[in-house]
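These are the residues of each chain, in order.
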Amino acid sequence: MSKLSQILREMIAQEGPISVERYMALALGHPQHGYYISREPFGAAGDFTTAPEISQMFGELIGLWAAEVWSLMGSPAHIRLVELGPGRGTLMSDALRAARVAPAFRAALQVHLVETSPVLSERQRQTLADCGLPTSWHSSIADVPQGPAIFLANEFFDALPIRQYMRTPAGWCERMVGLDEAGRFIFGLSSDPEPYIAAEAPPGAILEISAEGQRAMTALAARIQTQGGALLAIDYGHTRTDLGESLQAVRAHRFADPLENPGEADLTAHVDFAALGRAAKAAGCRVHGPVTQGAFLNQLGLAQRAMALAKRAAPDQFDAIEAAVYRLAGHGPADGPNATMGDLFKAMAVTRPDLGPLPGFQTEPLA
Ligand code: SAH
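Presented here is a report on the structure given in the accompanying data block. Note that the structure is predicted; figures quoted are calculated from it, not measured. (Residues numbered from 1 in each chain as written. Predicted model: local features only at pLDDT ≥ 70, side-chain atom pairs only at ≥ 80, totals over all residues. Heavy atoms only, no water.)

### Remarks on the packing of helix H12 (residues 302–312) against helix H13 (residues 318–329)
Working step 1: Orientation of H12 relative to H13, taken along the N-to-C sense of each, is 165°, at an axis distance of 10 Å. Judged on the interaxial angle alone, H13 and H12 are roughly antiparallel. Where H12 crosses over H13, the handedness of that crossing is right-handed. Two secondary-structure elements touch here, H12 through Leu302, Ala306, Leu309 and Ala310 and H13 through Phe318, Ile321, Val325 and Ala329.
Working step 2: Looking at the contact of H12 with H13 residue by residue, the classes come out as eight nonpolar, no polar and no charged. (Axes fitted to C-alpha atoms, helices over the stretch in contact; angles between N-to-C directions. Helix = DSSP H or I, 4+ residues; strand = E, 2+ residues; numbered from the N terminus. Parallel < 35°, antiparallel > 145°, perpendicular 65-115°, else oblique. Left-handed = near helix turned anticlockwise from the far one by under 90°. Contact = heavy atoms within 4.5 Å. Nonpolar A, V, L, I, M, F, W, Y, C, P; charged D, E, K, R; others polar.)

Encoded structure:
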């Protein structure tokens, strides 16, 4: 049994069932035993792989995207490039290297990393040690110093805890995690329906709300609205607020039971881009997209980047470059060993109302 399982069992035995939101927050972010706090989960030997870990092209294209956004902003003398949840620091490292082609942009940059995990912050410090730019780390978005900023968030919002509600004849009741007679975690429901949810649905329907994600988006958009800048969010998710359950656990590249061994598996939920977009607009910002990751990367020149890379690569790397393009932007199956990210993942940007159109978003947004 994981250490965190023991802690959560004792907590529930003493205090009663905890919400799915609290369970997810502790499974991922418990100060000692949370999944992200205690390990480096990425790559073939880890639990899952993310786009920047698939290929350097992903971070490079995003670095060039940021340089263009900066230029559309009127090339301010100072700009913060802020990454939320930077993992191993790979995306930022690739982005900053690609930005060498835009020396005025690079000269304007101050790099900020927002990360809650000490293990991953340390890893990011190693990755960025030679990036040649001032870098600083913060444990929350609110600690990033004021001023115009470009925020990057790849697979950040999906790691924020969600609330789940189930429709019952009495109304929407929050889903809780309790213990069965054998002391195993089980889902249950709060007995008091939530009075603020108006959605209609048949009994048994599940509704997910990422209150924390929406709070983060509201704060980011308010900041962009007053101080200028942009946010790029890329994640797997849906473009309409819909019913259904998406909480999932992944361990060693396979789906696992979210209630088994908390702290040992990654827990994520699909990102509700419609809800994030509404939060950004309510804070006075313009929303670009969402578009599919495939459309976004293709428009930024993924194919050209792949060709440029292939020209400098050894012939035995050609297949790997081609495979990376397919995984990042292809339209194949969304899961399994040959999963592609092109359609499942979406990109969305947020700016002040007067900024745009932005590179990568000049296709019809998804409905
Ligand atoms: N962007 C990286 C990593 C994605 S995994 C990549 O694409 O490879 C999610 C990341 O978000 C991890 O670095 C995790 O530690 C971090 N994280 C999770 N919750 C966070 C929070 N509330 N604030 C800041 N970082 C967080």
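### Re the pattern of salt bridges
Working step 1: Tallied over the entire structure, the rule returns 13 salt bridges.
Working step 2: Measuring nitrogen to oxygen at the nearest pair gives 3.2 Å for the salt bridge that ties arginine 88 to glutamate 40. Highlighted residues: arginine 88 in the loop between strand S2 (79–84) and helix H6 (90–98) and glutamate 40 in the loop between helix H3 (35–38) and helix H4 (51–54), separated in sequence by 48 residues.
Working step 3: For arginine 88, a relative accessible area of 21% puts it in the partly exposed group.
Working step 4: Note that glutamate 200 is salt-bridged to arginine 167, the shortest N-O span being 4.0 Å. Highlighted residues: glutamate 200 in the loop between strand S8 (185–193) and strand S9 (206–209) and arginine 167 in strand S6 (residues 163–168), separated in sequence by 33 residues. (Salt bridge = Lys/Arg side-chain N within 4 Å of Asp/Glu carboxyl O. Buried < 20%, exposed > 50% of the residue type's maximum accessible area, 1.4 Å probe, protein only.)

### Quick word on the site of the ligand
Working step 1: Taken together, 17 residues surround the ligand, and among them Thr50, Gly85, Gly87, Glu115 and Asn154 come closest.
Working step 2: Within the side chain of threonine 50, an N or O atom sits 2.5 Å from an oxygen atom of the ligand.
Working step 3: Interatomic distance of 3.1 Å between a backbone N/O atom of glycine 87 and an oxygen atom of the ligand.
Working step 4: Most atoms of the ligand, that is more than half of them, are within 2 Å of grid points of the largest pocket.
Working step 5: Partitioning the shell around the ligand into residue classes produces eight nonpolar, six polar and three charged. (Near = heavy atom within 4 Å. Polar contact = N/O pair within 3.5 Å; in protein donor to acceptor, adjacent residues only side chain to side chain. 1 Å grid on protein atoms, 1.4 Å probe; cavity = no way out; pocket = protein on both sides within 12 Å on 5 of 7 lines; lining within 4 Å. Sits in = over half its atoms within 2 Å of the grid points.)

### Some words on the pairing of S8
Both faces of the sheet carry side chains from a regular strand, because those side chains alternate between them.
Working step 1: Here strand S7 (residues 171–179) runs beside S8; their pairing, made up of six bridges, is antiparallel. In the strand pairing of S8, arginine 175 is matched with leucine 189.
Working step 2: What sits between S7 and S8 in their antiparallel hairpin is a turn of five residues, with glycine 183 showing a positive phi close to 85°. (Pairing = 2+ DSSP bridges.)

### Considering the packing of aromatic side chains
For any pair of aromatic rings, geometry is given as the distance between the ring centres together with the angle between the planes.
Working step 1: Under the criterion given, the structure shown has seven aromatic pairs.
Working step 2: The interplanar angle of 65° and the centroid separation of 5.9 Å between the aromatic rings of tyrosine 23 and phenylalanine 185 together place this pair among those described as edge-to-face. One end of the pair, tyrosine 23, is in helix H2 (residues 20–29); the other, phenylalanine 185, is in strand S8, with 162 residues separating them in the sequence. Summarising the burial analysis for this pair, tyrosine 23 and phenylalanine 185 share the class buried.
Working step 3: On the basis of an interplanar angle of 45° and a centroid distance of 5.2 Å, the ring pair of phenylalanine 296 and phenylalanine 361 is categorised as tilted. Taken together, the residues span a long stretch of sequence, with phenylalanine 296 in helix H11 (residues 293–300) and phenylalanine 361 in the segment after strand S16 (345–351) at a distance of 65 residues. As far as burial versus exposure is concerned, phenylalanine 296 and phenylalanine 361 are alike and both buried.
Working step 4: One cation-aromatic arrangement involves arginine 9 over phenylalanine 185; the distance from NZ or CZ to the ring centre is 4.9 Å.
Working step 5: If you follow arginine 175 out to its NZ or CZ, it ends over the ring of phenylalanine 187, 4.0 Å from the centre. (Phe/Tyr/Trp six-rings, centres within 6.5 Å; stacked < 30°, edge-to-face > 60°. Lys NZ or Arg CZ within 6 Å of the ring centre and 35° of its normal.)

### Focus: the packing of helix H5 (residues 56–72) against H6
Working step 1: At a minimum axis separation of 7 Å, H5 and H6 run at an interaxial angle of 55°. Viewed along their axes, H5 and H6 adopt a mutual orientation that is oblique. As for the relative orientation of H5 and H6, their crossing is right-handed in sense. Residue-level inspection shows Gln56, Phe58, Gly59, Glu60, Ile62, Gly63 and Leu64 of H5 in contact with H6, the latter providing Leu91, Asp94, Ala95, Arg97 and Ala98.
Working step 2: A per-class count over the contact of H5 with H6 returns six nonpolar, three polar and three charged.

### Overview of the nonpolar core
Working step 1: Membership of the largest hydrophobic core comes to 54 residues, with the highest contact counts inside it found for Trp65, Leu96, Phe105, Ile150, Phe296 and Phe361.
Working step 2: Top contributing element to this core by residue count: H5, with nine residues.
Working step 3: Excluding residues that lie within four positions of it along the chain, isoleucine 150 makes contacts with Trp65, Ala66, Val69, Trp70, Met73, Ile79, Arg80, Leu81, Val82 and Ala230.
Working step 4: Ranked by size, the runner-up nonpolar core spans 27 residues in total, among them Leu4, Val20, Ile162 and Phe185. (Core = buried A, V, L, I, M, F, W, Y, C linked by side-chain atoms within 4.5 Å.)

### A short note on the layout of surface pockets
Working step 1: The computed volume of the largest pocket comes to approximately 810 Å³.
Working step 2: As for the largest pocket, its lining consists of 39 residues, of which Gly85, Thr116, Phe156, Ala159 and Leu160 are closest to the centre.
Working step 3: Listing elements by their share of the lining of the largest pocket, those giving two or more residues are H2, H3, H4, H6, helix H8 (118–128) and helix H9 (211–227).
Working step 4: For the lining of the largest pocket, a count of residues per class yields 22 nonpolar, 10 polar and seven charged. (Points joined across faces, edges and corners; volume = space filled by probe spheres on them.)

### What to know about helix H10 (residues 273–282)
Working step 1: Burial within H10 is extensive, with seven of its 10 residues counted as buried.
Working step 2: In the core, the buried residues of H10 are packed alongside H9, strand S10 (229–238), strand S14 (271–272), strand S15 (286–292) and S16.
Working step 3: Two or three places before alanine 274, at the opening of H10, aspartate 272 has a side-chain oxygen 3.2 Å from that residue's backbone nitrogen.
Working step 4: Where H10 ends, the next residue or the one after it, glycine 284, has phi of about 90°, a positive value.

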